[in-house]
Amino acid sequence: MKLSLDQLNAALPEAAAALLDGLYEHSPWIAQRALERRPFVSLAQLKRTMVEVLHDAGRDAQLTLIRAHPELAGKAMVSRSLTAESTNEQTTSGLTNCTAEEFARIQQLNADYNKKFGWPFILAVRGPRGAGLSRREIVDTFARRLDNHPDFELAECLRNIHRIAEIRLNDKFGVEPVLGNQVWDCAELLAQHTDPGYAEQGQLTVTYLTEAHVACQVQLRRWMHDCGFDEVSVDAVGNVVGVYHGSDRNAKCLLTGSHYDTVRNGGKYDGRLGIFVPMVCVRELHRAGRRLPFGFEVVGFAEEEGQRYKATFLGSGALTGQFDTAWLDQRDADGVSMREAMRAAGLPATLPAIAALQRDPARYLGFVEVHIEQGPVLNELGLPLGVVTSINGGVRYQCEVSGMASHAGTTPMGRRRDAAVAVAELALYVEKRAASVPDVVGTIGMLQVPNGSMNVVPGHCLFSLDLRATTNEARDALARDVLAELAAICERRGLHFKVEETMRAAAAPSAPAWQRRWERAVESLGLPLFRMPSGAGHDAMKLHEVMPQAMLFLRGLNAGISHNPLEAITNDDADLCVRAFQHLLDQLTEELA
């Protein structure tokens with residue numbers, strides 16, 4: 001018989017603690033302290049409460065918990081003295097059936113890890129889908145995490161412990177995150193399509209209008225049909241558009257979606273999560289035979305990353321009437337123009353067809369987007385969801401500092417006109433200045449000494465500046481200060497500089513009403529509300545120019561890394577994301593009733 005939340009809330013303290021026995025390895029006190037905060041309105045709230053209990057307990061208690069865990073494929077497994085829960089988990093991932101070579105490799109990793117950190121390696125071996133990691137995945141993760149800093153690794157162990165507890169809790173309650181599994185499975189299946197040269201290396205790369213990109217279009221169309229969308233099409237720039245009609249076809253629509261192209265050697269969820277989640281929502285509506293009092297339009301934007309052509313936000317830009325006709329004549333690295341690529345993919349490549357994609361804002365309620373956070377904040381806080389307050393505005397520059405190249409051995413330190421040192425000084429200023437204001441960031445991402453030599457004082461230095469902030473005013477203030485500092489450094493050092501602005505994007509604050517709807521959706525799940533800015537750009541930035549918008553973030557695993565094959569989510573978090581979106585749809589239904 002599976003446990004129910006009502007049963008847990010009603011049980012006496014000792015009985016309730018017994019019901020949660022085994023969640024945390026040999027550490028029943030975590031559940032016991034969490035139970036003091038009953039009643040719980042959801043399992044998500046109970047899980048979050050246990051995260052808070054362990055956080056508040058302090059480092060010594062956390063280390064004791066970590067050390068209570070057995071090594072993977074270690075002595076306890078061999079002697080069959082693992083807890084029932086650990087036995088099930090290690091068996092699920094095949095650790096009880098290691099080859100002699102695999103067993104030896106894991107034992108060496110265990111020894112190296114314990115020597116470096118002083119505690120056993122902790123990994124939720126049932127993985128982000130709950131079905132179990134392969135032995136290869138376990139070994140690769142083990143080896144990678146050996147390079148972490150001890151403080152970071154301690155936090156990573158705790159995050160994995162909470163994931164283990166989450167899966168064990170699901171087992172006790174007989175809960176399966178069915179909606180989250182659908183999202184997770186879609187990401188895995190769509191990731192099978194990748195560009196040549198990357199497929200052979202097992203890397204995910206889908207750039208605009210390649211064969212892999214067109215294959216993604218076909219797959220998304222098929223899924224939209226299967227989910228029950230009334231209209232499914234690929235438009236003139238390659239956007240995949242699904243429409244689920246409302247009970248009144250003349251009513252306004254809610255627009256949502258994200259992009260399905262990727263960076264080179266990227267992750268499976270960047271952009272694509274924002275397509276899968278609303279697709280699952282439509283699937284559930286269709287299964288229930290339910291119509292909303294408004295239309296629901298989901299767009300898989302064909303291009304956002306600007307990888308094949310210098311045309312970022314091409315897909316969403318077409319919907320706002322901002323497709324730059326000069327893009328059609330751009331050529332990729334192989335000399336193929338965008339116009340030629342469009343025609344090869346079966347798209348019309350005509351200006352009238354593209355212009356016709358522009359949406360009339362009066363026909364829409366607004367635009368919402370769910371997206372993986374692409375950063376470490378939610379992961380570090382142990383929060384599955386975050387509500388976006390604003391998408392940062394940004395400005396980018398390509399810069400050059402010129403001095404005098406001279407002999408490294410014969411030029412005294414006080415007589416040098418070193419261009420690279422000047423940029424290094426500026427980099428430290430950018431770091432300090434950006435850190436002095438909340439939610440402001442500055443990056444020198446490219447730094448090059450052309451024709452540099454080991455024994456030559458650098459006479460030239462090329463570098464980039466990427467400056468972002470939650471408001472245009474904060475962005476512009478940062479830019480003024482950084483450029484003023486560059487001028488002062490160069491004057492003091494006898495150098496010259498050039499600055500070319502290459503991009504300027506306005507900040508996109510969330511529409512208050514739509515942000516509140518996301519907030520209520522998060523709170524309905526029993527989760528604490530966390531508001532945060534988005535440092536990355538999103539399709540919502542483009543739609544912001546013509547209609548109200550707001551975003552919801554989902555945490556990523558592996559310290560929230562993105563634009564990287566390590567980008568990952570759990571099925572439980574994805575399930576919460578779908579349920580939050582469903583709640584937002586329900587709110588709109590009530591408001592329009």
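Structure: above.
So, here is what we can say about the structure in this document. Given the structure is predicted, the values throughout are model-derived calculations rather than measurements. (Residues numbered from 1 in each chain as written. Predicted model: local features only at pLDDT ≥ 70, side-chain atom pairs only at ≥ 80, totals over all residues. Heavy atoms only, no water.)

1. Looking at the pattern of salt bridges
Side chains that differ in sign of charge can pair as their charged atoms come close.
Phase 1: Using the criterion set out here, one finds 37 salt bridges in the structure.
Phase 2: Glu 166 is paired through a salt bridge with Lys 47; the nearest N and O atoms lie 3.3 Å apart. Of this pair, Glu 166 sits in helix H10 (residues 150-173) while Lys 47 is found in helix H4 (residues 43-57), placing the two residues 119 residues apart along the sequence. Note on accessibility: Glu 166 and Lys 47 belong to one class, buried. (Salt bridge = Lys/Arg side-chain N within 4 Å of Asp/Glu carboxyl O. Helix = DSSP H or I, 4+ residues; strand = E, 2+ residues; numbered from the N terminus. Buried < 20%, exposed > 50% of the residue type's maximum accessible area, 1.4 Å probe, protein only.)

2. Some thoughts on the packing of aromatic side chains
Phase 1: Counted under the stated rule, the structure contains 10 aromatic pairs.
Phase 2: Chaining the aromatic ring pairs together yields one cluster made of Tyr 113, Phe 117, Trp 119, Phe 121 and Phe 142.
Phase 3: Directly above the ring of Tyr 244 sits Arg 291, whose terminal nitrogen or CZ lies 4.4 Å from the centroid.
Phase 4: Over the ring of Trp 514 we find Arg 517, and its NZ or CZ is 4.3 Å from the ring centre. (Phe/Tyr/Trp six-rings, centres within 6.5 Å; stacked < 30°, edge-to-face > 60°. Lys NZ or Arg CZ within 6 Å of the ring centre and 35° of its normal.)

3. Some points on unusual backbone geometry
Phase 1: Residue Pro 39 follows Arg 38 across a cis peptide bond; omega there is 5°.
Phase 2: As for its placement among the helices and strands, Pro 39 is situated in the loop between helix H3 (29-35) and H4.
Phase 3: Not every positive phi belongs to a glycine, and Asp 439 is a case in point at roughly 65°.
Phase 4: Here Asp 439 is to be found in the loop between helix H18 (419-435) and strand S9 (441-443).

4. Here we look at the nonpolar core
Phase 1: Residues Tyr 208, Met 338, Met 342, Leu 385 and Trp 518 are the most contacted members of the largest nonpolar core, which totals 80 residues.
Phase 2: If sequence neighbours within four positions are ignored, Tyr 208 has contacts with His 213, Val 237, Ala 302, Glu 303, Arg 308, Tyr 309, Leu 314, Met 338, Met 342 and Leu 347. (Core = buried A, V, L, I, M, F, W, Y, C linked by side-chain atoms within 4.5 Å. Contact = heavy atoms within 4.5 Å.)

5. Structural notes on the state of the cysteines
Phase 1: Tallied over the full model, the rule gives zero disulfides.
Phase 2: The structure places no disulfide on Cys 157, whose sulfur is separated from the nearest cysteine sulfur, that of Cys 98, by 19 Å.
Phase 3: Judged by its relative accessible area of 0%, Cys 157 is buried.
Phase 4: Looking at Cys 253, it has no disulfide partner, and the nearest cysteine sulfur is the one in Cys 281, 16 Å off. (Disulfide = S-S within 2.5 Å.)

6. Looking at helix H7 (residues 84-92)
Phase 1: Buried within H7 we find Ser 86, Glu 89 and Gln 90. With its buried residues spanning 95° around the axis, H7 presents them on a single face.
Phase 2: Remark: Gly 94 follows H7 within two positions and exhibits a positive phi of approximately 75°. (Arc of directions from axis to C-beta.)

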